[in-house]
Amino acid sequence: MKYKIFFRGLIFSIVTVFLMVLMLIFEKRNALVSGICTCLIIVNTIVYIVYIMIKNRCPHCGAFIRYYRGDFCSHCGEKLN
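Reading the values: the criteria
Residues numbered from 1 in each chain as written. Predicted model: local features only at pLDDT ≥ 70, side-chain atom pairs only at ≥ 80, totals over all residues. Heavy atoms only, no water. Helix = DSSP H or I, 4+ residues; strand = E, 2+ residues; numbered from the N terminus. Rg over C-alpha atoms; globule rule 2.2 N^0.38 Å. Buried < 20%, exposed > 50% of the residue type's maximum accessible area, 1.4 Å probe, protein only. Areas by Shrake-Rupley, 256 points an atom, 1.4 Å probe, with all protein chains shown as cover. Phe/Tyr/Trp six-rings, centres within 6.5 Å; stacked < 30°, edge-to-face > 60°. Patch = residues over 30% accessible without salt bridge, like charges linked within 9 Å, V, L, I, M, F, W, Y side chains within 5 Å. Salt bridge = Lys/Arg side-chain N within 4 Å of Asp/Glu carboxyl O. Expected span 1.5 Å × (residues − 1).

J.: Tell me about the overall build of the protein, and please be specific about residues and values.
T.: Summing up its helical and strand segments, the protein has two helices and zero strands in all. The globule rule puts the C-alpha radius of gyration for 81 residues at 12 Å, and the 17 Å found for the protein is more than 25% above it. Here the C-alpha coordinates of the protein stretch approximately 55 × 20 × 15 Å along the principal axes. Classification of the 81 residues of the protein by burial places 22% in the buried group. With an accessible surface of roughly 6,300 Å², the protein has 69% of that area assigned to carbon and sulfur atoms.

Structure below.
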């Protein structure tokens, strides 16, 4: 489960950096594309936060897992996948 969080963050970071590069490329040439990229960065951030809030739940008890140490749920003690 630790690797899943790492890969989610990595994908989010790559998408955000890609959108920022596009925004910087089109900043002087086309203000509309730059504005769209800015909106996509904001939407990307909101979607990532909502996704983390939904997906970081224990599959056994359904409790929200913020930060956990080890491979077990701090609420029910079951092994996390």
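J.: Describe the packing of aromatic side chains, listing the residues and the values that go with them.
T.: Pairs of aromatic rings are described using the distance from one ring centre to the other and the angle between the two planes. All told, the structure shown has one aromatic pair when counted by the stated rule. Relative to Tyr48, the ring of Phe12 has its centre 4.4 Å away and its plane inclined at 15°; by these criteria the two rings are stacked. A residue pair is termed long-range when its members are at least 10 positions apart, and Phe12 in helix H1 (residues 2–25) and Tyr48 in helix H2 (residues 31–55) qualify at 36 residues.

J.: Explain a nonpolar patch on the surface residue by residue, including any values.
T.: On the surface, a cluster of nonpolar side chains totalling about 580 Å² of accessible area is made up of Tyr3, Phe6, Phe7, Leu10 and Ile14. Using a relative accessible area of 65% as the deciding quantity, one classes Tyr3 as exposed.

J.: Account for the environment of Cys37, with residues named and values stated.
T.: Inspection of the secondary structure assignment puts Cys37 in helix H2. Each C-alpha atom of the pair Cys37 and Ile14 lies 14 Å from the other, and the pair is 23 residues apart in sequence.

J.: Outline H2, supporting the account with residue identities and numerical values.
T.: Spanning 25 residues, H2 covers 36 Å between terminal C-alpha atoms, matching the ideal 36 Å at 1.5 Å per step. Within H2, the full set of buried residues consists of Ser34, Cys37, Ile41, Asn44 and Ile52.

Everything listed is a geometric property; what it means functionally is a separate question.
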